[in-house]
Amino acid sequence: MIGGIKVKWNFFKSIALSVAAIILAGAVMIFPKEAFGASLDGLKLWWDVVFPSLLPFFILSEILIGFGVVHFFGVLFEPLMRPLFRVPGSGGFVWAMGLSSGFPAGAKLTARLWQEKQITTIEAERLVSFTNCSNPLFIFGAVAVGFFNNPSLGIVLALSHYVGNILVGLAMRFHGRRRLKEKNTSTPLHRVQPLRALQKMHEARLSDGRPIGKLLGDAVQSSISTLLMIGGFVILFSVINRVLSLLSITPLFSNILEKGLSVFSISGSLSYPFISGLFEITMGSKLASQSPSLLMQQCIVVSFILAFSGFSVQAQVASILSETDISFRPFFLARLLHGVFAAALSAILFPVFLSPHSKSAIAVWADGHLKQYPWSHYYHYFLQIGSLLTLTALILSIFLWGLKHSKEKKHPRFH
C-alpha cells in the first residue's frame, strides 16, 4: 500500500515538474524582454557583489583546509561544538567561515568535511542547518544602509539573524537521534589542548602533500567553479521571480497571504515583498523597504526573508549537497525554523534599539558610526570595483586551467 502511494506520488511529481518547466519556458518566450532584463539584473548582482565578496573566503577556506587548519580547529573547538551542537570541533571552522562569508559557504565546507570523512552524515546534516547565513556585509551594507538608509536597523537584523541561527543549531542537535545511536550523548567538557591541535594540523598538512603552488591553483579553480554555479542560480531565480510576477502568480499568492499577515498585525502591503523574498532575498528585502508599512513590520518580514534564505540560495545548497549523502530536508526545515526565530527576535529587539518615539543611545551611536564605516563603505567598494575583480579572477582561472592541461599533455599518465 505504501509502495503504491509512493509510486503515484513520484508520478504526480514528475508531471508537476514537467508542467512547471513548460510554463516557465513558455513565459520566457512570451515575455523575452522582461526575462532578458531580469537576467541582466541577476548577472549584475553576481558580477558586482556576489562573486568578488565570496571569492576570497572560498579560496582562503580551501587553503586553510589544505594546510590542516580544520584539524586544528577540530581539536581546539571539540569541547564547545560537541556538547552544544553535537558536531565535531571542525564544525567550528565551518561555522566561523559561514558567518563571515555568507551563503552558501557553510554547505560547501560541510560537504568538503563529509567527503574527507571528518564528519558523519548525521553530523553533516546538523552542521549544514546552522552554518549557512547571510554575511554582515549584506545585512549592514545592502539592506540596512542601502535599502532602508537606517544603520541602526542593521543591529536589529544582525542580532536577530545570528542569535536565531544559534537557536537553530541548539534545536538541530536532536536531529538523527533515532537513526544514530551515539555512544555518549552528554559529552563532558574537556580542557582545550592547543599542543595536540598543532600536532594534528601538522599531520594533516603532511598527509595532504600538495605543494603551495598546486594548492593555490586548486583553491582558485574549485572556488570559481562553485561561484559560476551560484551565478547560474542567481540569474535563473531572478528570471523565475520576474516571470511569476508577470503571470500574476505572485500577486495571487500575496492576496491570499494578506489575511495570514493580518493575524500577526502586519500590513498587507508586505505580502508581495514576502512572496518575492521567498524566491530571492535581495529583491524581497528591497521591496519590503519600499513598502508604506511601519518600520517594525518591515524589519520582521525582512528578518524572516534573510533567515529563510530564499529558494535561490536553497537551490544552491541542494546542488552542493547532491554530491554527498547529506539530506536536504533537514536544511529546509532548519530554514523555516530560523525564519520563525529571527522574526520573533526582531519583534522583541526592535523596541530596544529603535524606540518608536525617540532613539536609544545605541541607535544614535549606530547612525553616527555605521552609516559610513565599515559596512556601507565595503558594499559601495564592491559596487565600484567588483566587476574588475570578477573579470581578473575569471582570466586567472582560464590561465590556470590552460597551464594545468598543457602540463598533462606534456606528461601524459600511463595506466
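Being a predicted model, the structure only gives us computed values, none of them experimental. (Residues numbered from 1 in each chain as written. Predicted model: local features only at pLDDT ≥ 70, side-chain atom pairs only at ≥ 80, totals over all residues. Heavy atoms only, no water.)

**As for helix α7 (residues 121-130)**
Here comes step 1: Burial analysis of α7 places nine of its ten residues in the buried class, the great majority of the element.
Here comes step 2: Those residues of α7 that are buried lie in contact with α4 (78-85), α5 (91-101), α6 (105-115), α9 (151-172), α16 (310-321) and α17 (329-353). (Buried < 20%, exposed > 50% of the residue type's maximum accessible area, 1.4 Å probe, protein only. Helix = DSSP H or I, 4+ residues; strand = E, 2+ residues; numbered from the N terminus. Contact = heavy atoms within 4.5 Å.)

**Quick notes on the packing of aromatic side chains**
Here comes step 1: The full count for this structure, using the stated rule, is twelve aromatic pairs.
Here comes step 2: Here the aromatic rings of W95 and F130 are separated by 5.6 Å at their centres, their planes lie at 75 degrees, and the arrangement is edge-to-face. Placement of W95 in helix α5 and of F130 in helix α7 is noted, with a sequence separation of 35 residues between them. The pair W95 / F130 is uniform in exposure class, with both members buried.
Here comes step 3: By way of ring pairs, the aromatic residues F274, F279, F304, F308, F311, F328, F331 and F332 are connected into one cluster.
Here comes step 4: The lysine or arginine in question, R173, covers the ring of F174, its NZ or CZ lying 5.3 Å from the ring centre.
Here comes step 5: For R335, the ring lying beneath its charged end belongs to F331, and the centroid distance is 5.0 Å. (Phe/Tyr/Trp six-rings, centres within 6.5 Å; stacked < 30°, edge-to-face > 60°. Lys NZ or Arg CZ within 6 Å of the ring centre and 35° of its normal.)

**A word on the pattern of salt bridges**
Here comes step 1: Tallying each qualifying case throughout the model produces eight salt bridges.
Here comes step 2: The shortest N-O distance in the salt bridge between R242 and D41 comes to 3.0 Å. Within this pair, whereas R242 is found in helix α11 (residues 212-246), its partner D41 is found in helix α2 (residues 32-66), the two being separated by 201 residues in sequence.
Here comes step 3: Note that E116 and R112 form a salt bridge whose closest N and O atoms lie 3.0 Å from each other.
Here comes step 4: R112 sits in the buried class, given a relative accessible area of 17%.
Here comes step 5: Here the salt bridges share partners, and the residues they tie into one network are E62, K108, R112 and E116. (Salt bridge = Lys/Arg side-chain N within 4 Å of Asp/Glu carboxyl O.)

**Some thoughts on the side chain of T324**
Here comes step 1: Tracing the backbone through its elements, the reader meets T324 in the loop between α16 and α17.
Here comes step 2: Look at T324 and you get buried, because its relative accessible area is 11%.
Here comes step 3: Separated by 3.1 Å, the side chain of T324 and the backbone nitrogen of I326 make a polar contact.
Here comes step 4: In this view, T324 contacts A111, W114 and Q115; residues no more than four positions away in its chain are not counted. (Polar contact = N/O pair within 3.5 Å; in protein donor to acceptor, adjacent residues only side chain to side chain.)

**Overview of empty space enclosed by the protein**
Here comes step 1: On inspection of all chains with the given rule, the structure shows one cavity of 30 Å³ or more.
Here comes step 2: The volume enclosed by the largest cavity comes to roughly 350 Å³.
Here comes step 3: Contributing to the lining of the largest cavity are 22 residues, with V50, L54, F103, F138 and I281 lying nearest its centre.
Here comes step 4: Only α2, α8 (136-147), α11, α14 (281-289) and α16 provide two or more residues apiece to the lining of the largest cavity. (1 Å grid on protein atoms, 1.4 Å probe; cavity = no way out; pocket = protein on both sides within 12 Å on 5 of 7 lines; lining within 4 Å. Points joined across faces, edges and corners; volume = space filled by probe spheres on them.)

**Some details on the confidence of the model for the protein**
Here comes step 1: Per-residue confidence for the protein gives a mean pLDDT of 80, with 85% of residues at or over 70.
Here comes step 2: Note on residues 182-188: pLDDT is under 50 here. Beyond four places in sequence and across chains, it has six contacts. (pLDDT = per-residue confidence, 0-100.)

**Regarding unusual backbone geometry**
Here comes step 1: Residues other than glycine seldom take positive phi values, yet N149 does so here, at roughly 55 degrees.
Here comes step 2: Looking at where N149 falls in the secondary structure, it is placed in the loop between α8 and α9.
Here comes step 3: Accessibility expressed as a relative area gives 49% for N149, which makes it partly exposed.
Here comes step 4: In the Ramachandran plot, S309 falls in the positive-phi region, its phi being about 80 degrees despite a non-glycine side chain.

**Things to note about the environment of I139**
Here comes step 1: By the secondary structure assignment, I139 is in helix α8.
Here comes step 2: Considering only alpha carbons, one finds I139 and I155, 16 residues apart in sequence, at a separation of 8.9 Å.
Here comes step 3: Not counting chain neighbours up to four residues away, the residues in contact with I139 comprise S134, A144, G154, L157, A158, H161, Y162 and L306.

**Describing a nonpolar patch on the surface**
Here comes step 1: Side chains of F11, I15, V19, I23 and L247 sit close together on the surface and give an oily, nonpolar patch of about 450 Å² of accessible area.
Here comes step 2: Following the sequence through the fold, L247 ends up in the loop between α11 and α12 (249-263).
Here comes step 3: For L247, a relative accessible area of 32% corresponds to the partly exposed category. (Patch = residues over 30% accessible without salt bridge, like charges linked within 9 Å, V, L, I, M, F, W, Y side chains within 5 Å. Areas by Shrake-Rupley, 256 points an atom, 1.4 Å probe, with all protein chains shown as cover.)

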